[in-house]
Amino acid sequence: MPINFDISERLKKLAPYLFVEIDKAKRQAKAEGRDIIDLGIGDPDLPTPEFIIEALNKAAADPANHHYALDAGLPKLRQAIAKWYLKRFNVSLDPEKEIYALIGSKEGIAHLPLAVINPKDRVLVPDPCYPPYRTGTIFADGKVIPMPLLSKNNFLPDLKKYARKKAKLMFINYPNNPTSAVATKEFLQGVVNFALEKGIIIASDAAYSEIYFDIEAPTSILEIEGAKEIAVEFHSLSKTFNMTGWRIGWVCGNEKIICALAKLKTNIDSGIFQAIQLAGIAALESDGNHAKEMRQIYEERRDLLINGLRSLGWKIPLTTATFYVWAKIPKGFKDSMEVTQVFLKKADIIVTPGVGFGKSGEGFVRMALTVSKERINEAVMRLKKVF
Ligand SMILES: *Cc1c(COP(=O)(O)O)cnc(C)c1O
């Protein structure tokens, strides 16, 4: 007899994952043999650089790397991360206490609330946002307090609205997925002051810090004085080095917060495959040429897509960071879900409805620059024919 059971109450609390629905529609369209242009996924289309693959191959062949890894990450990896942070942000970190390796930053982000909050504790979460901030909070029985990211505020939350919310934890993410906004140093300074005054833990997600155009390199929150007293930053090789499938990231900053997450994680996982860690060191110690080339590629794609959409009457400011275009939907569409459905039905193009990232994402769709220039041109041509 098939087992009859109910999924946990905790799982039931999650809103149905909208992306699952879109995925279904996409698979169906592909099964019908249609030529789909997928601007929906936040996953680089280009391969991991060759030198990193070579480092993995070499390390994978060495039996010394086949065992359980050290949970915190190899000391050599943590030293490489510390050196990278110093060079990139002029932030010094103690590799022993202020850096901890993660099986991709998503893992650490989703686990953090379990390590630092109690049931009913309040967590300030951007809306729209990368979903694990919200789901991680729900798994820990926390209460999500959404912080709307609005275009009139340059997609930065209006901190004074949360002064009396008695939150324990706040997530921020700049450069931002999905809005592509970049935080000013003044804003980050405001976040640190706010958190120090109210005693709030700050979790900053900096996964896109290396993807920026026509602007100065984005700031780490750890550059702000006092940040290390209340903040950790999540980082990852996924977007910087096209390594999303490899699962390697880290958390750095406040020692006590890291210690709490470490205590949780030693009870759940057993670290990152050591060969991947050694390949990660090769990535971190490389000369930065890869990132430069990557920025060039995304910039060209961005120009093509934005100019194409503008010629169709969409009003879109030039994206200055991340590989997303956060496009306000033009008049004539009911909502972001309708745009998504019409694009798929009439042009075989997949985009992500803004509402999938939270209520305040309504009115926008997210398009990822993770397809070639040829495909972006093709997408624009198809849209010109339809609209
Ligand atoms: C892609 C992404 C990450 C990186 O996730 P990994 O688990 O390190 O691959 C983190 N935060 C945001 C906002 C992202 O879009």
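Residues numbered from 1 in each chain as written. Predicted model: local features only at pLDDT ≥ 70, side-chain atom pairs only at ≥ 80, totals over all residues. Heavy atoms only, no water.

Caption draft 1: Here's a closer look at the side chain of serine 336. Counting through the fold element by element, serine 336 comes out in helix α11 (residues 336-347). Looking at serine 336, its side chain comes within polar contact range of the main-chain nitrogen of valine 355, at 3.4 Å. Those residues within four positions of serine 336 in sequence are excluded, and the remaining contacts are Ile329, Pro353, Gly354, Val355, Glu362, Gly363, Phe364 and Val365. (Helix = DSSP H or I, 4+ residues; strand = E, 2+ residues; numbered from the N terminus. Polar contact = N/O pair within 3.5 Å; in protein donor to acceptor, adjacent residues only side chain to side chain. Contact = heavy atoms within 4.5 Å.)

Caption draft 2: View of the sheet that holds strand β9 (residues 324-328). The strand order β9-β12-β11 describes an open sheet built from 3 strands, whose pairing is antiparallel. Bordering the open sheet on either side are β9 and β11 (352-353), each of which pairs with just one other strand. Relative to strand β12 (residues 364-368), β9 is paired through 5 bridges, and the arrangement is antiparallel. Along β12, the bridge assignment pairs valine 325 with methionine 367. Lying over the sheet, α11 contacts β11 and β12, oriented at roughly 45 degrees with respect to β12. (Pairing = 2+ DSSP bridges. Axes fitted to C-alpha atoms, helices over the stretch in contact; angles between N-to-C directions.)

Caption draft 3: Quick look at the nonpolar core. Counting 66 residues, the largest nonpolar core has Tyr85, Leu124, Met170, Ile202, Ile221, Leu222 and Trp250 as its most contacted members. Ranked by residue count, the leading element in this core is helix α4 (residues 75-89), at 7 residues. Of the domains in this structure, domain 1 (9-47 + 289-383) and domain 2 (50-284) are the two that each give at least three residues to this core. Membership of the second largest hydrophobic core comes to 35 residues, among which are Ile306, Val325, Ala347 and Ala368. (Core = buried A, V, L, I, M, F, W, Y, C linked by side-chain atoms within 4.5 Å. Buried < 20%, exposed > 50% of the residue type's maximum accessible area, 1.4 Å probe, protein only. Domains from an automatic or database assignment.)

Caption draft 4: Layout of empty space enclosed by the protein. Enumeration over the complete set of coordinates arrives at 1 cavity of 30 Å³ or more. Lining the largest cavity are 13 residues, with Tyr174, Pro175, Ala183, Leu188 and Thr219 sitting closest to its centre. Each residue belonging to the lining of the largest cavity can be placed in one class, and the counts come to 9 nonpolar, 3 polar and 1 charged. (1 Å grid on protein atoms, 1.4 Å probe; cavity = no way out; pocket = protein on both sides within 12 Å on 5 of 7 lines; lining within 4 Å. Points joined across faces, edges and corners; volume = space filled by probe spheres on them. Nonpolar A, V, L, I, M, F, W, Y, C, P; charged D, E, K, R; others polar.)

Caption draft 5: Geometry of the site of the ligand. Looking at the ligand, there are 14 residues lining it, with Asp205, Tyr208, Ser238, Lys239 and Arg247 nearest. At 2.8 Å from an oxygen atom of the ligand is found a main-chain nitrogen or oxygen belonging to serine 105. For the shell around the ligand, the per-class residue count stands at 4 nonpolar, 6 polar and 4 charged. (Near = heavy atom within 4 Å.)

Caption draft 6: Structural view of the side chain of serine 220. Within the secondary structure, serine 220 sits in the loop between β6 (201-205) and β7 (231-236). Polar contacts involving the side chain of serine 220 include one to the main-chain amide nitrogen of leucine 222, which spans 3.0 Å. Separated by 2.6 Å, the side chains of serine 220 and glutamate 233 make a polar contact. Other than its neighbours up to four places away in sequence, serine 220 contacts Tyr85, Phe89, Leu188 and Glu233.

Caption draft 7: Up close: the pattern of salt bridges. All told, the structure shown has 27 salt bridges when counted by the stated rule. For glutamate 9, the salt bridge is made with lysine 12, and the minimal N-O distance between the two is 3.3 Å. Highlighted residues: glutamate 9 and lysine 12, both in helix α1 (residues 9-12), separated by 3 residues, approximately one helical turn. On the basis of relative accessibility, which here comes to 56%, the residue glutamate 9 falls in the exposed class. Among the ionic pairs, lysine 373 bridges to glutamate 300, the shortest N-O distance being 2.8 Å. Of this pair, lysine 373 sits in helix α12 (residues 373-386) while glutamate 300 is found in helix α10 (residues 289-311), placing the two residues 73 residues apart along the sequence. Put simply, Asp23, Lys26, Arg27 and Asp38 are held in one network by salt bridges that share partners. (Salt bridge = Lys/Arg side-chain N within 4 Å of Asp/Glu carboxyl O.)

Caption draft 8: Layout of the packing of aromatic side chains. If you walk through the whole model with that rule in mind, you get 18 aromatic pairs. Between the aromatic rings of tryptophan 84 and tyrosine 85, the centroid separation amounts to 5.8 Å while the plane-to-plane angle is 65 degrees, which identifies the pairing as edge-to-face. In this structure tryptophan 84 comes out as buried when scored by relative accessible area, which is 14%. Between tryptophan 326 and phenylalanine 357, the aromatic rings sit 6.3 Å apart at their centres with planes inclined by 70 degrees, giving edge-to-face as the arrangement. Placement of tryptophan 326 in strand β9 and of phenylalanine 357 in the loop between β11 and β12 is noted, with a sequence separation of 31 residues between them. Here a set of aromatic residues connected by ring pairs shows up, and it is made of Trp84, Tyr85, Phe89 and Trp250. (Phe/Tyr/Trp six-rings, centres within 6.5 Å; stacked < 30°, edge-to-face > 60°.)

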